[in-house]
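A closer look at the structure
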Amino acid sequence: MNTVLKIAIPVGLGIAVIAAWQWAVTALAISPIVLPGPDAIARAFVSDFANLSAALWTTLRITIVAFVLAVVGGVALAVLFSQSRIIETALFPYAVILQVTPVVAIAPIVTIWVGYDNINAVLLILAWIVAFFPILANTTLGLRSADHNLIDLFRLYGASRWQILWKLRFPSALPYLLSAMKVSGGLALIGVVVAEFAAGTGTATGLAWLITLATRNLHMATAFAALVLLSILGIVIFFALSALEWALLHRWHESAIAKEG
Amino acid sequence: MPALLTLSAISKTFANGTVALGPMDLSIQEGEFVSLVGPSGCGKSTALRLIAGLIAPSGGTVEFPQGRPETGFVFQEPTLMPWADALSNAMMPLKLKGVAASEAEDRAAAALKRVGLSDFLHAYPRALSGGMKMRVSIARALAAGPKLLLMDEPFAALDEFTRQALNDDLLALWAEDKLTVTFVTHSVFESAYLSTRVVMVTPRPGRIAAVIDQHPPVPRDASFRLTPEFSAYAGHISNALKQAMEGAH
């Protein structure tokens, strides 16, 4: 299938669904409180632009910071794990516990500890918890998966532990890390949204809280507009991280061959 | 003339209790091409790793009467860094040894030229064939200017044509650089073509079953494969291998 069709088919489907939606809302006289039409959502973008863009900026900012901290923390801990089996044995189970405990259940506790007046910090912590684990788990695996014969060869030529880590283990782990980043970027966004719902008072100002507020006031078009923004944000994060992965790997990694062929 | 390296009663038992090797005594002179021949899993690779100092022996000693020589190692797999091009791969030993970047680049490029890859300096491993990847691996070992070259079944995964071409090239490089090569293989014909001495190793634990020290003429080229000396040498090795296997059961 050629590139034009690959783009044209899903875009065409999207336009058809929106048109059908618009037609159904008008023809069946569906109340805008139940399901606003695409036209009403478009109008909400214009009339609520200030609220929507402020909420988008809040959600985006916290997502990015949580994601960056997850990458830094995950990689740092993975490096520590790769250098010491004892540290890994001691800490890994707790990283798993942190991961498997539902973030919705932790949210109220963290909110009390950090405080309602620091709600952005609460969102940041919760999003970090969600985004952190894939980075840690994959990078640890990647650092360990370096070719053992290459490690022997590095040793034969007198490489230091640091050189083996930096010149051999880290490049070996890069495909694992980049793949984890694609997962984690999406999870960071989900983490912020879930945390906003779960932390649950009026002090949060992101898109999730805007949805809560709008649905309470039956401003369904605004809620849908916020939802559209969240989807776009998720898509942008995924494509940005895919582009980064391609930029760093396409010259040498096997994963890039299938895309070219 | 003192030996380049001497293994005295060397043995290796792994942590899980497997006795992989020995005890084995072997002395290798400078300029020799010694092949260790035996079935898979007979501890030949372990012997190479002991010589390289990558693992410590459980008993016995590895001695280098003239001091530890500059050592190159070629594995059965090309063992290249996939994220680096051929030139960077060949530069790796020099960079780790602290050779200045420009000199390292010149020496690595020269080594790649010697194995016939001067047009592929900036090719990534994934773009190279199996034989070319093995050439990069050999160039990497040569770039550091080794005196001792340890090779662990380097051509076992290649097709017969590529293997013969690489055998010819290896012989030429060995003669030019006056290398000392310790070569592990399970191919009787490969060992007969390449070696000045063949050491037969028994199945696990690896011990020396026989040493075939017959000295067919050196230097050799591809025409050697057609000579009666080659056939006689290969037949001799083959018989010794058969006897070694029977003795083991």
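All figures in this text were calculated on a predicted structure; none of them were measured in a lab.

Regarding the side chain of T6 of chain B
All names here are of chain B.
- With respect to the helices, strands and loops of the structure, T6 is situated in strand 1 (residues 5-13).
- Within polar-contact distance, the side chain of T6 engages the side chain of S27 at 3.3 Å.
- Setting aside its immediate chain neighbours within four residues, T6 contacts L26, S27, T61, V62, E63 and P65.

Describing unusual backbone geometry
Residues and elements named next belong to chain B.
- With a phi close to 45°, A9 is a non-glycine residue in the positive phi region.
- Note that A9 resides in strand 1.
- For E153, which is not glycine, the phi dihedral falls at a positive 45°.
- Along the polypeptide, E153 turns up in the loop between strand 6 (148-152) and helix 5 (160-177).
- Take E153: its relative accessible area is 10%, and that puts it in the buried class.

Describing the pairing of strand 3 (residues 33-37) of chain B
Residues and elements named next belong to chain B.
- Burial runs high along strand 3: five of the five residues are buried.
- Neither face of strand 3 is left uncovered, since the one carrying F33, S35 and V37 and the one carrying V34 and L36 both have all their residues buried.
- In this structure, strand 3 lies alongside strand 7 (residues 180-185), joined through five bridges in parallel fashion. Its bridge partner lying in strand 7, F33 is registered against V181.

About the thresholds
- Residues numbered from 1 in each chain as written.
- Chains lettered and ligands numbered in written order.
- Predicted model: local features only at pLDDT ≥ 70, side-chain atom pairs only at ≥ 80, totals over all residues.
- Heavy atoms only, no water.
- Helix = DSSP H or I, 4+ residues; strand = E, 2+ residues; numbered from the N terminus.
- Polar contact = N/O pair within 3.5 Å; in protein donor to acceptor, adjacent residues only side chain to side chain.
- Contact = heavy atoms within 4.5 Å.
- Buried < 20%, exposed > 50% of the residue type's maximum accessible area, 1.4 Å probe, protein only.
- Pairing = 2+ DSSP bridges.

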